[in-house]
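What follows is each chain in one-letter form.
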Amino acid sequence: MDCLFCKIIAGEIPSTKVYEDDVIFAFLDIDPKAPEHIVIIPKAHIPSADAVTADNCGDIGHLFSKIPEIAGARGLTNGYRVVNNCGEDGGQTVGHIHFHLLGGRQLAWPPG
Ligand code: 5GP
Ligand code: ZN
């Protein structure tokens, strides 16, 4: 499958891994929007948040269960933001569901 993030999981495209288990993979964003910017993805190719179903939501639940551990390992002791961009209006540019973990500075709200 011609998917950038599936290729990152497979190691065909290099990335800086920060966490991996049987279900999820987390790596540093190539174009960070904050001092800490980690991308967390399920290994299963789910195209977007709009494709989450009763059958695949267990992987997403597992992903969220690991966010405190990943954030802690990255030193995000003062809070952070988890972002999912979905579809064209949501600003999604890679068609494999992913969650941005952002922190290391005070983040503005609302986003643009
Ligand atoms: P989206 O815009 O779809 O929500 O997020 C995609 C993210 O993937 C962007 O923040 C972008 O910087 C990141 N990204 C795109 N290509 C690569 C890559 O080849 N390596 C890494 N580490 N991040 C990437
Ligand atoms: Zn994929």
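Everything below is about the structure printed above this text.
Residues numbered from 1 in each chain as written. Chains lettered and ligands numbered in written order. Predicted model: local features only at pLDDT ≥ 70, side-chain atom pairs only at ≥ 80, totals over all residues. Heavy atoms only, no water.

Moving on: the pairing of strand β1 (residues 17-20). Direction of pairing for β1 relative to strand β2 (residues 24-28): antiparallel, over a ladder of three bridges. Residue E20 lies in a different strand from β2, and its bridge partner there is F25. Between the antiparallel neighbours β1 and β2 lie three residues. (Pairing = 2+ DSSP bridges. Helix = DSSP H or I, 4+ residues; strand = E, 2+ residues; numbered from the N terminus.)

What follows covers unusual backbone geometry. Cis geometry marks the peptide bond from W109 to P110; its omega dihedral reads 0 degrees. Within the fold, P110 resides in the segment after β5 (99-103).

Another point: the coordination of the zinc ion (ligand 2). When a metal holds four donors in a tetrahedron, each ideal angle between them is 109.5 degrees; when it holds six in an octahedron, the ideal angles are 90 or 180 degrees. At 2.0 to 2.3 Å from the zinc ion (ligand 2) lie its protein donor atoms, namely C3 (SG), C6 (SG), H45 (ND1) and H96 (ND1). Around the zinc ion (ligand 2) sit four donor atoms; with metal-centred angles ranging over 105 to 116 degrees, the donor geometry is tetrahedral. Between consecutive donor residues of the zinc ion (ligand 2), the sequence gaps follow C-x2-C-x38-H-x50-H. Remark: H96 occurs in the loop between α3 (87-90) and β5 and C6 occurs in helix α1 (residues 4-10); sequence separation between them is 90 residues. A relative accessible area of 0% means that H96 is categorised as buried. (Donors = N, O, S within 2.8 Å, 3.2 Å for Na, K, Ca; no water. Tetrahedral: all angles 85-135°; square planar, octahedral: opposite > 155°, others 65-115°. Buried < 20%, exposed > 50% of the residue type's maximum accessible area, 1.4 Å probe, protein only.)

Right, let's talk about the site of ligand 1 for a bit. If you check the shell around ligand 1, you find 16 residues, and the closest are D29, N85, T93, H98 and H100. One of the backbone N or O atoms of L28 is found 2.9 Å from a nitrogen atom in ligand 1. The contact in question runs from an oxygen atom of ligand 1 to an N or O atom on the side chain of H100, over 2.8 Å. If ligand 1 stood free it would expose 520 Å²; the protein chains cover 85% of that surface. Among the secondary structure elements, those contributing two or more residues to the shell around ligand 1 are α1 and β2. With three residues, the single largest contributor to the shell around ligand 1 is α1. Per-class residue counts for the shell around ligand 1 are seven nonpolar, six polar and three charged. (Near = heavy atom within 4 Å. Polar contact = N/O pair within 3.5 Å; in protein donor to acceptor, adjacent residues only side chain to side chain. Areas by Shrake-Rupley, 256 points an atom, 1.4 Å probe, with all protein chains shown as cover. Nonpolar A, V, L, I, M, F, W, Y, C, P; charged D, E, K, R; others polar.)

With that out of the way, let us pick up the sheet that holds strand β4 (residues 81-83). Taken together, five strands build an open sheet; the order of strands is β1-β2-β3-β5-β4 and the sheet is antiparallel. Each of the sheet's edge strands pairs with one partner strand only, and the pair in question is β1 and β4. Averaged over all neighbouring strand pairs, the angle between strand axes comes to 20 degrees, with direction disregarded. Direction of pairing for β2 relative to strand β3 (residues 36-42): antiparallel, over a ladder of five bridges. Across the sheet, F27 pairs through a bridge with V39, a residue of β3. Sheet strands in contact with helix α2 (residues 57-73) are β1, β2, β3, β4 and β5, and its direction is about 155 degrees off that of β3. (Axes fitted to C-alpha atoms, helices over the stretch in contact; angles between N-to-C directions. Contact = heavy atoms within 4.5 Å.)

Nothing here speaks to function; it is all geometry.
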